[in-house]
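# Remarks on the overall topology
One letter stands for each residue in the lines below.
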Amino acid sequence: FYFSYRFLLLLLPVLKAVIALEEKIIVSKLGDNATLSCIYRGRELHLKTLRVYWQIADDQEECSVVHAMISGQDNESEQCIHFKNRTQLFWDRLENGDFSLLLLNVSQSDERRYKCVVLQKTEYTRVIHQAEVLLSLAASYSQPILSGPIINSDSTGEEATFSCRSGNGYPKPNVYWINKTDNSHLPPSELQITPHTNGTYSVFSTLKVKATSTMQIECSIENKILQENLSANYTQQKQSGSSTKSHKNLKENGRGAQAAGIVSIVILIGLLAVLTCWLWRRRSSKLVSY
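These numbers come from a predicted model, not from an experiment. (Residues numbered from 1 in each chain as written. Predicted model: local features only at pLDDT ≥ 70, side-chain atom pairs only at ≥ 80, totals over all residues. Heavy atoms only, no water.)

Of regular secondary structure, the protein chain possesses two helices and 17 strands. Across the 290 residues in the protein chain, those meeting the buried criterion constitute 32%. Sequence separation of 24 or more characterises 61% of the internal contacts of the protein chain that already satisfy a separation of 6 or more. (Helix = DSSP H or I, 4+ residues; strand = E, 2+ residues; numbered from the N terminus. Buried < 20%, exposed > 50% of the residue type's maximum accessible area, 1.4 Å probe, protein only. Contact = heavy atoms within 4.5 Å.)

This is the structure in structure tokens:
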């Protein structure tokens, strides 16, 4: 027995080193609930013999206890105020080795590295499982709005300014301007990223280039954490065609209205002539009868 106990003590640091390699990255959106994963795939467990600690992995923090369970009961005596009433274990899963923690209404201050430590007390207390979880937060940006000038043949070669805006995203985005005619990247003339009180950002960017008759410009907003890439396109040919078509329709509508007016006048004159003729005949017949 003594030999096995000494062997376990010597083996424990190795087991800890192996266990510590388990690390996961959890991505959650701001304001959502996040599940910090910690799963032990061992034999059946009894809650009365377990202690489960969730803590902030950075030892420099004044308060590091996120959640604690001792002998089958939550213990809030040392829990950090920031996590009060915001954490809970999945009680129906604990005996199956699932010690994951539900963190409610996550905010920017929750973007940290967390550590899960599970201890079992039988003849002595030993660490049976530990894991680290990195919580990354994100929020989707709105569909970008791209605006630019309507370029005609007279303005070809002149400087044209395009603007692109998007908002309510996190973290700071990457903004790309792309010339779609050859898929080349264009450097922005201006880039403003504005923080908001709720932790999200808005982005505004401009691009100044020489105008051509076949401009195809794309503005792209990239959120790396969510692997989202939203884009808006400007195609001069389509805008020119649309403008010409609208002008043509307007001209045709004007001609149609003019023709309709002339026909109405002709019909009115005809009706007046018929009415005058009818009245004249009626009067003439009365004179003859008399």
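Moving on from the model shown.
This part takes up the sheet that holds strand β4 (residues 65–70). With mixed pairing, six strands are arranged side by side in an open sheet as β1-β9-β8-β3-β4-β5. Because the sheet does not close on itself, it has two edges, and the strands there are β1 (23–29) and β5 (73–74). Bridge analysis of β4 against β5 gives two bridges, and the strand direction is antiparallel. Counterpart to Met69 in the pairing with β5 is Asp74. (Pairing = 2+ DSSP bridges.)

To continue, consider the pairing of strand β11 (residues 159–169). Pairing analysis gives three bridges linking strand β10 (residues 145–147) to β11, with the strands arranged antiparallel. Among the inter-strand pairings, Leu146 is bridged to a residue of β11, identified as Cys164. Strand direction decides the pairing type here: β11 and strand β15 (residues 201–210), joined by nine bridges, are antiparallel. Within the sheet, the bridge partner assigned to Cys164 lies in β15 and is Ser205.

For the rest of this paragraph, the subject is the pairing of strand β17 (residues 228–235). Both faces of the sheet carry side chains from a regular strand, because those side chains alternate between them. Judged from the eight bridges that link them, strand β16 (residues 216–223) and β17 form a sheet pairing that is antiparallel. When the sheet's bridge partners are listed, Ile221 is paired in β17 with Leu230. Taking the residues between adjacent antiparallel strands as the criterion, β16 and β17 are bridged by four residues, where Gln227 takes a positive phi near 55°.

Turning next to the packing of aromatic side chains. For the structure on display, the rule yields three aromatic pairs. Seen from their ring centres, Phe83 and Tyr114 are 6.3 Å apart, and the 75° between their planes marks the pair as edge-to-face. Here Phe83, found in the loop between β5 and β6 (87–89), pairs with Tyr114, found in strand β8 (residues 113–121); they are 31 residues apart in sequence, far enough to count as distant. The pair Phe83 / Tyr114 is uniform in exposure class, with both members buried. An angle of 75° between the planes, with centres 4.8 Å apart, marks the rings of Phe162 and Tyr234 as edge-to-face. With a gap of 72 residues between them, Phe162 in strand β11 and Tyr234 in strand β17 connect regions that are remote in the sequence. Across this residue pair, the class does not change: Phe162 and Tyr234 are buried. Sitting over the ring of Phe90, Arg93 keeps its end group 4.1 Å from the ring centre. (Phe/Tyr/Trp six-rings, centres within 6.5 Å; stacked < 30°, edge-to-face > 60°. Lys NZ or Arg CZ within 6 Å of the ring centre and 35° of its normal.)

Here we take up unusual backbone geometry. One can expect most non-glycine residues to show negative phi and most peptide bonds to be in trans. Following Tyr170, the chain continues into Pro171 via a peptide bond in cis, with omega recorded as -5°. With respect to the helices, strands and loops of the structure, Pro171 is situated in the loop between β11 and β12 (174–179). The backbone phi angle of Gln227 is positive, close to 55°, even though this residue is not glycine. Counting through the fold element by element, Gln227 comes out in the loop between β16 and β17. When its relative accessible area of 74% is taken as the criterion, Gln227 is described as exposed.

We now examine the nonpolar core. One finds Trp54, Phe99, Tyr114, Leu135 and Phe162 to be the most contacted residues of the largest nonpolar core, which totals 50 residues. Residues within four places of Phe162 in sequence aside, it is in contact with Leu146, Ser147, Gly148, Pro149, Trp177, Ser205, Thr206, Leu207, Val209, Met215, Ile217 and Tyr234. (Core = buried A, V, L, I, M, F, W, Y, C linked by side-chain atoms within 4.5 Å.)

So, on to the state of the cysteines. Each disulfide consists of one covalent bond between the sulfur atoms belonging to two cysteines. Per the counting criterion, the structure on display carries three disulfides. With its sulfur 2.1 Å from that of its partner, Cys38 forms a disulfide with Cys116. The S-S bond linking Cys38 to Cys116 shows a torsion near -65°; that makes this disulfide left-handed. Placement of Cys38 in the loop between β2 (34–36) and β3 (50–56) and of Cys116 in strand β8 is noted, with a sequence separation of 78 residues between them. In terms of burial, Cys38 and Cys116 fall into one category: buried. The connectivity of the disulfide-linked cysteines in the protein chain, indexed sequentially, is 1-4, 2-3, 5-6. (Disulfide = S-S within 2.5 Å.)

Turning our attention to the confidence of the model for the protein chain. For any part of a model where pLDDT is low, the fine detail of the predicted coordinates should not be relied upon. For the protein chain, mean pLDDT is 82; residues scoring 70 or higher make up 79% of the total. Segment residues 1–21: pLDDT under 50, and 10 contacts once partners within four positions in sequence are set aside and those in other chains are kept. A low-confidence stretch, residues 237–248 (pLDDT under 50), is modelled with six contacts involving residues beyond four sequence positions or located in other chains. (pLDDT = per-residue confidence, 0-100.)

On to the sheet that holds β12. Taken in spatial order, the four strands of this open sheet run β13-β12-β16-β17, and their pairing is antiparallel. Each end of this open sheet is capped by a strand with a single partner; those strands are β13 (184–186) and β17. Between one strand axis and the next, the sheet turns through 30° on average, direction left out of account. Sheet topology note: the β12/β16 ladder contains six bridges and is antiparallel. By the bridge assignment, Tyr176 is partnered in β16 with Ser220. (Axes fitted to C-alpha atoms, helices over the stretch in contact; angles between N-to-C directions.)

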